[in-house]
Amino acid sequence: MSAASCLRSEDQFRCSICLDVFTDPVSTPCGHNFCKNCINEHWNSNDQYLCPLCKETFYTRPELHINTFISEMVSHSSEQQAAKPGEVPCDVCTGTKLKALKSCLVCLTSYCETHLEPHLTKSVLKRHQLIDPVENLEDRMCMKHDKPLELFCKTDQTCVCMLCSVLDHKTHEFVPLKEEYEGKKAKLGKTEAEIQKMIQKRRLKIEEIKHSVDLSEEAADREKAEGVQVFTALMQSVERSLNELIETIEEKQRTAEKQAEDFIKELEQEISELKKRSSEVEKLSHSEDHLHLLQNFPSLKAVPPTKDWTEVCVHPSSYERTVVRAVAQLEETLSKQMKKLLAELELKRVQQYAVDVTLDPNTAYPHLILSADGKQVKYSDVKKKLPDNPERFTHYCIVLGKQSFSSGTFYFEVQVKEKTRWALGVARESINRKGDTTLSPHNGFWTIWLTNRNEYEALAGPPVDLSLKSDPQKVGVFVNYEEGLVSFYDVDAAALIYSFTGCSFTEKLYPFFCPYPNDGGKNSAPLIICPVNQTE
């Protein structure tokens, strides 16, 4: 197809009836073209078959056929997209403006695919500088010299034409636009990379904030559930105490009513007997038989045996201070229950920080036997031959955990069931492992123990006696490194045993275990590191 044919005016492809681009173009015998539907409707509405353009009359209705050439040209034209808002339109197109494919800096015109073809085929036009389509091509011309802006003045940081470089800016430093473009583009690339990093950081921060909100929501739900649990238990206690109070009052009332009923029944029985005697006395008093009256008088003279009711009475039940005593009892009950519930909640809270602890055989005293899984330790009367490495304890039957902690919080539980002596806690890394030492925070130990006198002590230096209501079967150890807190719990009783507070930790901390000697078999049970099952 020639360039001329490519440049046909868009009006050549418009129907003269509907004035729009052909739809199913057909040709009449006189050679004119119309939309098939348009010409059919025109003929349907007229008595004669006339050509709307040349007025030629046809005596019979012509048979219409699709004009394939025009149809293909219209189809090719429609394949090119019309310019949308924000896109550069073709300056040559009439009617519907197609999207420009290139702009010419020499012609200062933007062209669609069809109208661009001469710039791609004609040798004269091939020398023109084409760029991606832009609006306001006049802005790319030097306003002073009416020449294209082809150079960049680095001195004034502005775009100039060739005449500017030899006239107004002749002493300045110049580079081609493309060279400056590449440099600026590289900087923009770096800027874009930095912006993307900033965007990524902010996206990560958003995720972090969202995660914090999720954690806060989980904590809120957990606190609400615990609050419902606590207050439900307290309300149940109050309800039980109220029911007991009402039952006590009603029982007193039932007792008073029963006593009154018994008295009334007894009185009514005596009244019945007295009425009977009264009837007999009255009957005898009316007798005219002298002998009969005299013979029966002795038996009717005496009043039937009755009770002396003078001092008998039913006192109203006394409810004085009943409510006061009930409330005092409730207060005591609630206080105990509150302490128990709070202790359970506290234990449940610290159990969330449970860690997997195993025993370190490299630290174990030679008389200690460790289980294969590193979860149990007990004393043996037979001393094993072990290398005297720096980590090993050689003076006391101590073993440390493999895991160390230098920040955050952690918790573990140890079964002490059936033991008569033991010590548990944490120790810092630099403790004395080879000679005499005292278990105390000053020497790097934060521990509690069961003595051979069956007494519990916190080895705070001096020791602190611990009064426990029952012997712990399982002991929980909790550490908050930053807060300087080491707490011990009776797991089964959900009770706090003791807390070291205000500690200053600067080294790694290790779980500490001391099963003590067997004591003739009395203390042969092992210390067992247990999996943590959170209390319900």
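Our structure is the block above this text.
Residues numbered from 1 in each chain as written. Predicted model: local features only at pLDDT ≥ 70, side-chain atom pairs only at ≥ 80, totals over all residues. Heavy atoms only, no water.

1. Brief notes about the side chain of Glu 413
Considering the arrangement of structural elements, one finds Glu 413 in strand E14 (residues 409–415). Despite being buried, Glu 413 has no salt bridge partner; Lys 474 is the closest side chain of opposite charge, sitting 4.4 Å away. In this structure the side chain of Glu 413 is engaged in a polar contact, spanning 2.6 Å, whose partner is the side chain of Tyr 411. Setting aside residues no more than four positions away along its own chain, Glu 413 makes contact with Gln 351, Lys 474, Val 475, Gly 476, Val 491, Ile 528, Ile 529, Cys 530, Pro 531 and Val 532. (Helix = DSSP H or I, 4+ residues; strand = E, 2+ residues; numbered from the N terminus. Buried < 20%, exposed > 50% of the residue type's maximum accessible area, 1.4 Å probe, protein only. Lys, Arg positive; Asp, Glu negative; His and termini not counted. Salt bridge = Lys/Arg side-chain N within 4 Å of Asp/Glu carboxyl O. Polar contact = N/O pair within 3.5 Å; in protein donor to acceptor, adjacent residues only side chain to side chain. Contact = heavy atoms within 4.5 Å.)

2. Looking at the sheet that holds strand E18 (residues 464–466)
An order of E13-E22-E15-E16-E17-E18 is seen for the six strands of this open sheet, with the pairing classed as antiparallel. The open sheet has two edge strands, strand E13 (399–400) and E18, and neither has a second partner. Inspection of the sheet shows strand E15 (residues 422–428) paired to strand E22 (residues 509–514) by six bridges, in the antiparallel sense. Each bridged residue has a counterpart across the sheet, and for Ala 427 the counterpart in E22 is Tyr 510. (Pairing = 2+ DSSP bridges.)

3. Some details on the side chain of Ser 380
With respect to the element layout, Ser 380 can be found in the loop between strand E12 (376–379) and E13. If sequence neighbours within four positions are ignored, Ser 380 has contacts with His 367 and Ile 369.

4. Quick notes on the pattern of salt bridges
Side chains that differ in charge, positive against negative, can pair when their charged atoms come close. Applying the stated rule across the entire model yields 19 salt bridges. Here Asp 168 makes a salt bridge to Lys 144, at a shortest N to O gap of 2.9 Å. Of this pair, Asp 168 sits in the loop between helix H6 (162–166) and strand E10 (174–176) while Lys 144 is found in the loop between strand E7 (130–131) and strand E8 (151–153), placing the two residues 24 residues apart along the sequence. The class for Asp 168 is partly exposed, based on a relative accessible area of 39%. Residues participating in the shared-partner salt-bridge network are Lys 154, Glu 180 and Lys 184.

5. Looking at the environment of Asn 40
As for its placement among the helices and strands, Asn 40 is situated in helix H2 (residues 36–44). You can call Asn 40 partly exposed: its relative accessible area is 21%. Residues Asn 40 and Arg 61, spaced 21 residues apart in sequence, show a C-alpha to C-alpha distance of 9.7 Å. Those residues within four positions of Asn 40 in sequence are excluded, and the remaining contacts are Arg 61 and Leu 64.

6. Points about the packing of aromatic side chains
Tallying each qualifying case throughout the model produces 13 aromatic pairs. Consider the rings of Tyr 353 and Phe 478, whose centres lie 6.0 Å apart with planes at 45°: the pair is tilted. Remark: Phe 478 occurs in strand E19 (residues 474–480) and Tyr 353 occurs in the loop between helix H9 (322–351) and strand E11 (368–370); sequence separation between them is 125 residues. A relative accessible area of 33% places Tyr 353 in the partly exposed class. Residue classification places Phe 478 among the buried positions, given a relative accessible area of 2%. When the centroid spacing of 5.0 Å and the interplanar angle of 80° are considered together, the rings of Tyr 498 and Phe 500 count as edge-to-face. An aromatic cluster is built from Trp 43, Tyr 49 and Phe 58, whose rings are joined through pairwise contacts. (Phe/Tyr/Trp six-rings, centres within 6.5 Å; stacked < 30°, edge-to-face > 60°.)

7. Things to note about the pairing of E22
The element E22 is largely enclosed, with a buried count of six among its six residues. Here two bridges tie E13 to E22, and the two strands are oriented antiparallel to one another. Bridging from a neighbouring strand, Val 399 pairs with Phe 513 of E22.

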